[in-house]
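Working through the structure, step by step
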Amino acid sequence: MRNTLFIGGGNMAYAIISGLLNKGATGVSLRVVDPSEDAKTRLTGLGVPCNATWPTEFDCAQVVVAVKPQAMPDVLKQYEAHLAGKLLISIAAGVSVSQLRQWSGQANAAVARTMPNTPALVGKGITGVYCTDNCTDADYREVESLFRSCGEVVNLASEDDINAITAISGSGPGYVFYWMEALAKAAQELGFNESQARQLVNHTFLGSASLAVQSDESLSTLRERVTSKGGTTFAGLEALRKHQVADGIVEGAKAAYARAIELQGPKP
């Protein structure tokens, strides 16, 4: 693996670094820039040096920019002098390739825009990856290697697909947790205590997702297999249909997609 520098030592950077180390990457090839003492403590615990500013003695081929979108302009401009010739890897929603190039002062930078999701924190994430045309095959492999350390990777054909994947898998854990909250509330209303409700819901979602991943059958077929006409699941699904829950989920994803486009703003 190439030497890699992370700008920002937050949760997603920590998840990727932990995944890499668990898969055998050596800590000496990784470095983090983050002035936070919390980040320094957590990353030093992994054996990865964390500097408050750019470590000029560290020679890296790629830079993962893992800061919040609103901080991106200032951070890239601050380190512009160090970014020439580097592969720029962004995990920020709503920050376009053209913006990354403009703010970093690298008009022709090779850029990978990525959209991981929070299950990466437990090695179960999925990341959408778009690489610009001037990325090499080696660049693709490096980016895939980074994000496969904490889950699965989907390669995207166009930059616009980043907004769509943000709406589905990027925001998706929020929809799932919303569903889980509602089902846990139902469990408590049916007499279970909070701990029991959480256990029932957590393992229902975990088991169902695991079954879907391991099965070659469609989601609709899996649903049908647990649904007997006139039975309990049928009654529950009919109530969900009556309240147009499926339509609400689709509309929610579309709203997230529209917001992702809005956040990206006009091209510079």
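Coordinates for the structure precede this section.
Here the residue numbers are simple positions, counted from 1 along each chain's written sequence. Totals for whole chains, interfaces and linings use every residue, but because this is a predicted model, local features are given only for residues with pLDDT of at least 70 and side-chain atom pairs only at 80 or more, for both listing and counting. Based on all heavy atoms of the structure, the side-chain values leave hydrogens and waters out of the count.

What to know about a nonpolar patch on the surface
- On the surface, Leu190, Phe192 and Leu200 cluster together into a nonpolar patch covering about 320 Å² of accessible area.
- Comment: elements are numbered from the N terminus, with helices defined as DSSP H or I runs of at least four residues and strands as E runs of at least two. By the element assignment, Leu190 lies in the loop between α7 (172-189) and α8 (194-214). A residue counts toward a patch only above 30% relative accessible area and without a salt bridge, and it is joined to like-charged neighbours within 9 Å or, for Val, Leu, Ile, Met, Phe, Trp and Tyr, to nonpolar neighbours within 5 Å. Reported accessibility uses the Shrake-Rupley method at a 1.4 Å probe radius. Residues are deemed covered only where the shown protein chains occlude them. For this analysis, a salt bridge means a side-chain nitrogen from Lys or Arg found within 4 Å of a carboxyl oxygen belonging to Asp or Glu.

Topic: the sheet that holds strand β4 (residues 62-65)
- Any two strands with at least two DSSP bridges between them are considered paired. Strand order in the open sheet formed by 8 strands is β3-β2-β1-β4-β5-β6-β7-β8, with mixed pairing between adjacent strands. The open sheet has two edge strands with one neighbour each: β3 (50-51) and β8 (151-155).
- Looking at chain direction, strand β1 (residues 4-7) and β4 are connected through 4 bridges and run parallel. The partner of Ile7 across the bridge, within β4, is Val65.

What to know about the state of the cysteines
- In this description, the term disulfide denotes a pair of cysteine sulfurs within 2.5 Å. All told, the structure shown has 0 disulfides when counted by the stated rule.
- Between Cys135, a free cysteine, and Cys131, which holds the nearest cysteine sulfur, the sulfur-to-sulfur gap is 4.4 Å.
- Judged by its relative accessible area of 8%, Cys135 is buried.
- Here Cys150 stays unpaired: no disulfide links it, and the sulfur of Cys131, its closest cysteine neighbor, is 15 Å away.
- Partly exposed describes any residue whose relative accessible area lies between the buried limit of under 20% and the exposed limit of over 50%, with all areas from a 1.4 Å probe on protein chains only and scaled to the type maximum. Taking the relative accessible area as the measure of exposure, Cys150 reaches 1% and is therefore buried.

Describing the packing of aromatic side chains
- Here a pair means two rings of Phe, Tyr or Trp (six-membered ring of Trp) with centres within 6.5 Å. Their orientation is stacked below 30 degrees between planes, edge-to-face above 60, and tilted elsewhere. In the structure shown here, the tally under the stated rule is 1 aromatic pair.
- An angle of 45 degrees between the planes, with centres 5.5 Å apart, marks the rings of Trp54 and Tyr79 as tilted. Taken together, the residues Trp54 in the loop between β3 and β4 and Tyr79 in the loop between α3 (72-78) and β5 (87-90) connect sequence positions 25 residues apart.
- Residue class for Trp54 comes out buried when judged on its relative accessible area of 9%.

Here's the deal with the nonpolar core
- In these notes, a set of buried Ala, Val, Leu, Ile, Met, Phe, Trp, Tyr and Cys residues joined through side-chain atoms within 4.5 Å is what counts as a nonpolar core. Counting 29 residues, the largest nonpolar core has Phe6, Ile16, Ile89, Val143, Leu146 and Phe147 as the members making the most contacts within it.
- When residues in this core are grouped by element, the largest group, 6 residues, is from helix α1 (residues 11-22).
- Any two residues having at least one pair of non-hydrogen atoms within 4.5 Å are treated as being in contact. Here Ile89 is in contact with Gln62, Val63, Val64, Val65, Ala112, Thr114, Val143, Leu146 and Phe147, once residues within four sequence places are set aside.
- The next biggest cluster of nonpolar side chains, apart from the first, holds 27 residues, and it includes Tyr79, Leu88, Trp103 and Met115.

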